[in-house]
Amino acid sequence: FSEAVEIYFADAAAGYAVAKAPLLEAIKTARDRLARRRDRLEEDAADLADPEQLKTGGEVILGAAHLIAPGQTELAVDWLPGLVIKLDPALSPSENAQHYFNRYRKAQRAGDEIPAQLEKISLEEQYLDQLEQDLAMAEDRPEIDAIAYSLAEAGYAVGKRGHKKRQKQAVSNYLRLTAPDGAAVWVGKNAVQNQHLTFNRANPDDLWLHARGIPGAHVIIPTSAGLPSEDDVLWAAAVAAYYSRARHDTAVDVDVTVKKYVRAIKGAPPGLVTLRNESTLRVAPLEPEID
């Protein structure tokens, strides 16, 4: 009988690995695409780093148009020594000036747009990191499906959107644990569960825990029945460390705050948050016993 059980779980694990493979590939593809977008934006930012110089170039070309010969590739003027303006020999002086003014306006817009776009890319990369961690922690098909749906909803073209029934099942499957001194502890094992626990399930005065600065679980300690003991908070922090990317480290920093000080990031994917008034505990990851 024990041999049959061992074979069954080995086959199940192999099946889960097959189900996870295309999701890992989708995460890698999405991450590569974001990296290319970041490179292009950073190149644009470097090219357009000094808008006023572009404006000056257009003004100088207009002021010295009578000095520009057909086919000329550079322009230098006596009243601005050291300034050399590149010219397109195929364009007229007025067209060259307009080209500089167009680049100037683009650079002005880029000054506002590029930082915002780079910040959006950073948030998407954090979300992909979280989904990759979710996939590493997924232990059954509903949890794997939840990650597939999260990727699809984020526009990464894996699986199908919707399937509210299965999404609801994935949300309801968060861990419900009991700490040694009796405190209830809830653990989100993926981005969907994290979002649900923090913003739908937890009360404002509940304790909220998360491994500092890395993908991992949102952990909630309900306080409606009273504040937990210090030992239970340390135990929950160790569980939060275990359900994070740093689960194999010997010590992990875990932030603890009150849920009302946790805010969703506007425009960010589910589960990404900012927090304040936090304390940081350094704990060893602990795998809890689960019935």
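Here the structure is shown first, and the text comes after it.
Since this is a predicted model, take the numbers as computed values, not measurements. (Residues numbered from 1 in each chain as written. Predicted model: local features only at pLDDT ≥ 70, side-chain atom pairs only at ≥ 80, totals over all residues. Heavy atoms only, no water.)

A. Layout of a negative patch on the surface. Taken together, the side chains of Asp 39, Glu 42, Glu 43 and Asp 44 present a region of like negative charge at the surface. Mapped onto the elements of the fold, Asp 44 is located in helix 1 (residues 2–47). Accessibility expressed as a relative area gives 30% for Asp 44, which makes it partly exposed. (Patch = residues over 30% accessible without salt bridge, like charges linked within 9 Å, V, L, I, M, F, W, Y side chains within 5 Å. Areas by Shrake-Rupley, 256 points an atom, 1.4 Å probe, with all protein chains shown as cover. Salt bridge = Lys/Arg side-chain N within 4 Å of Asp/Glu carboxyl O. Lys, Arg positive; Asp, Glu negative; His and termini not counted. Charge placed at Lys NZ, Arg CZ, Asp CG, Glu CD. Helix = DSSP H or I, 4+ residues; strand = E, 2+ residues; numbered from the N terminus. Buried < 20%, exposed > 50% of the residue type's maximum accessible area, 1.4 Å probe, protein only.)

B. Representation of the environment of Pro 204 within the structure. Following the sequence through the fold, Pro 204 ends up in the loop between helix 6 (191–201) and strand 5 (207–211). For the pair Pro 204 and Val 258, spaced 54 residues apart in the sequence, the C-alpha separation amounts to 7.0 Å. When sequence neighbours within four positions are dropped, the list of residues in contact with Pro 204 reads Val 258, Lys 259 and Lys 260. (Contact = heavy atoms within 4.5 Å.)

C. Summary view of empty space enclosed by the protein. Taken as a whole, this structure holds 1 cavity of 30 Å³ or more when the rule is applied. When its volume is computed, the largest cavity comes out at roughly 50 Å³. What lines the largest cavity is Gln 130, Gln 133, Asp 134, Met 137, Gly 188, Lys 189, Asn 190, Gly 216, Ala 217 and Tyr 243. Per-class residue counts for the lining of the largest cavity are 3 nonpolar, 5 polar and 2 charged. (1 Å grid on protein atoms, 1.4 Å probe; cavity = no way out; pocket = protein on both sides within 12 Å on 5 of 7 lines; lining within 4 Å. Points joined across faces, edges and corners; volume = space filled by probe spheres on them. Nonpolar A, V, L, I, M, F, W, Y, C, P; charged D, E, K, R; others polar.)

D. Representation of the sheet that holds strand 6 (residues 219–221) in the model. The antiparallel open sheet is built from 6 strands, whose spatial order is 3-4-6-5-7-10. Each end of this open sheet is capped by a strand with a single partner; those strands are strand 3 (175–178) and strand 10 (279–283). Averaged over all neighbouring strand pairs, the angle between strand axes comes to 25°, with direction disregarded. Relative to strand 6, strand 5 runs antiparallel, the two sharing 3 bridges. When the sheet's bridge partners are listed, Trp 208 is paired in strand 6 with Ile 220. Helix 6 contacts strand 4 (184–187), strand 5 and strand 6 of the sheet and is inclined by roughly 135° relative to strand 4. On top of the sheet, helix 7 (residues 230–242) reaches strand 3, strand 4, strand 5, strand 6, strand 7 (252–258) and strand 10; it is set at about 75° to strand 10, its chief contact. (Pairing = 2+ DSSP bridges. Axes fitted to C-alpha atoms, helices over the stretch in contact; angles between N-to-C directions.)

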